[in-house]
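The chain contents come next:
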Amino acid sequence: MKTISYYLVLAVVLVFMRSIQSQDQDDEDDEPSFDDRLKMLQKQFADHLGIRSYRPMDVLKLKTLLSELGIIDELRTQMIQDRIMCGTCQALIRKLQLNDISVQIIGTAICTLYISLTTLTLSDFCKEIIRINRPILEFIVRESHILTPEYACSVLLQNDNCYYSNPALTWRIEIPEGGPGLNSKVHRMRQDEPPLKILHLSDFHVSFDYAVRSVSDCGYPVCCKRGLGNPLRPHNAGSWGDYNCDIPPWLLGNTMTHINNTHKDIDLIYFTGDIIDHTIWKASKDDNSREIASTFRVLAESFPNTPILPAIGNHESVPLNVFAPPSIKEERFSQNWLYELNSKLLTQWIPPESLTTVRSQGYFAILANYKLRVIVLNNNVCYIYNCKVSRWLLYDTRFLREQLEFLKKELLEAESLGQYVHIVSHVFPGTRECIEPWEVNYNSLITRFAHIIKGQFFGHTHTDSLKVFYSKIDGTPNNVGYNGASLTPFVKYNPNYKIVVVDPDTFDVLDVETYYFNLTEANLHPNRFPRWQLLYSMKEAYQFDQLSPENIDMLAQNLFQNRSLFNQYWRYYVRDSDISLQEGCNTECRTNLISDIIRTESMTSV
């Protein structure tokens, strides 16, 4: 016979067990469902591609897509939301290497998701993109000695939750000993000598087939082209461009004429790349060659007596973003055609001895005068994605060493001769778009030679943004990068150019003036030239006594605290674009913008 105490103990045990079960149920309820994780996958994918606003694909359709890829069961076991994109990436690479799935199938699925998220309505885009890129991807999957799922996804995602150390990512060049030998703080501009004026141009993206009153919302990534888009849609492409489109060629000519007539005292021109427009599904070597040559001719004719120092943009290659290692000799993969073309076009601006490196990987250095050395890099070799990836980084990364060693050699030589340096290139570091060994080694060189590097000039993002570099020794701000923004309004920006004011003795940047015109207003007056005007002077707008790294760093820190100051920065960032100002910049956007100023290595947190 059981005693009362027995039943009492049993009751306590049952109550305890029920509480445990209830807690387990609560914990289970707290776990995100598989559908929630698939929604998170889409958000992570959109963020990775820089899609600012997107429409999620129906979850049932996405499940069907993942089932066709054969990875849905693997993803069901991935419970951590932050790693679901990592798991997807690794599963796809694994299947590729096991020949369980083809590049064609994966490419079609990824492109289908991209089109769904961006609400595009095009029909032949994916087919053409895959046709252009499939041979390279198949070659790399077959021939790469460093390709593993872990390595590939570390490179492709640049994500802390999907990073695996690998010798292809962790190699370092030797940084020579030494340090500051020239005073970088004191402006010594002679009273009888005016400052230098450098014109900074970037990201033209000329649409040579632009058509006024064509479809500006055509369903493709870029519009306003003859015969592109549903003819039943509004035909409203403006005479001077459109926020969904790249520029008509006559805007390039008008801009150069305006600059030539307005700024008579330009001493030097930096062009930070991207001539070719965003018709990435139709690029060809013949078309790109013709358009690059035509654009260089416009520049040369507009400024016949001014040296022009252009960097290569990622859109100049065919296919887009593909910069193969020098060891790859096959004509269908190599970009030697682009380097040879550039070497011919640059003969009017740079000496013959600088052309050897142009023919190798598209970079060079030149003495602008006896005291200023300008180093122009082709850092597209480090670029990891722009709707798709620079596949050759899955094949080899050590070919990046060639340019980094060149940069080191030029910096050492400049230091030994008492010269100062400006660096010109296309891709901003620290925006999760450039591979680790380039960024880490590049930052180490900036730390070592910060005392002679007086300015870094970039393009690519189309945004009017800044970059503060910090010492890898003590963390103090030691250098500044300036983005030239873009002449193209793509996407949702007003066109611009910049005048960089430079001390002729120390070559410090004294001021940066940004000029723009309002595209909406210009299109209301198609028979009148755009009304170019000064948007802002950096020195005056932020009340700087000088554009020192310390002051730019202080600005970045204040942007976190001061919403009014951030709104001002945002206005300049989008160049007073009507559409962008109307859409605004939410908390996530704000955090990303500010973080981008102070991050120069993508795999470090800020």
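Rules and cut-offs
- Residues numbered from 1 in each chain as written.
- Predicted model: local features only at pLDDT ≥ 70, side-chain atom pairs only at ≥ 80, totals over all residues.
- Heavy atoms only, no water.
- Core = buried A, V, L, I, M, F, W, Y, C linked by side-chain atoms within 4.5 Å.
- Buried < 20%, exposed > 50% of the residue type's maximum accessible area, 1.4 Å probe, protein only.
- Contact = heavy atoms within 4.5 Å.
- Helix = DSSP H or I, 4+ residues; strand = E, 2+ residues; numbered from the N terminus.
- Pairing = 2+ DSSP bridges.
- Salt bridge = Lys/Arg side-chain N within 4 Å of Asp/Glu carboxyl O.
- Phe/Tyr/Trp six-rings, centres within 6.5 Å; stacked < 30°, edge-to-face > 60°.

Chemist: Just checking my understanding: could you explain the nonpolar core for this structure?
Modeler: In a soluble, globular protein the nonpolar side chains are often hidden away together inside. Grouped together as the largest cluster of nonpolar side chains are 194 residues, with contacts concentrated most on F125, L201, I435, W438, Y442 and M538. Aside from chain neighbours lying at most four places away, what touches W438 is L377, N379, V381, C382, L400, Q403 and L404.

Chemist: Can you help me understand the pairing of strand 8 (residues 466-470) in this one?
Modeler: Along strand 8, five of the five residues are buried, which leaves the element largely enclosed by surrounding structure. Here strand 8 shows no split at all, with L466, V468 and Y470 on one side and K467 and F469 on the other all buried. Taken together, the five bridges between strand 8 and strand 9 (residues 477-483) define a ladder with antiparallel strand orientation. For Y470, the partnering residue across the bridge sits in strand 9 and is P477. Counting the residues that bridge the hairpin from strand 8 to strand 9 gives six residues, and of these G475 lies at a positive phi of roughly 80°.

Chemist: How do you make sense of the pattern of salt bridges when you look at a structure like this?
Modeler: Opposite charge on two side chains allows them to pair when their charged atoms are near. Applying the stated rule across the entire model yields 29 salt bridges. In this structure, the salt-bridge partner of K197 is D265, at a minimum N-O distance of 3.0 Å. With K197 in strand 1 (residues 196-201) and D265 in the loop between helix 10 (249-262) and strand 2 (268-271), this pair connects stretches of sequence that are 68 residues apart. For E330, the salt bridge goes to R332, with nearest N and O atoms at 3.0 Å. Linked by salt bridges that have partners in common, R373, K409, E410 and E413 make up one network.

Chemist: What exactly am I supposed to notice about the packing of aromatic side chains here?
Modeler: Two descriptors summarise a pair of aromatic rings, namely the distance from one centre to the other and the angle between the planes of the rings. Within this structure, the stated rule accounts for 28 aromatic pairs. Taken together, a centroid distance of 5.8 Å and an interplanar angle of 40° make the contact between F139 and Y395 tilted. With F139 in helix 7 (residues 125-143) and Y395 in the loop between strand 5 (372-376) and helix 14 (401-416), the pair connects residues that are 256 residues apart, well separated along the chain. Judged by its relative accessible area of 10%, F139 is buried.

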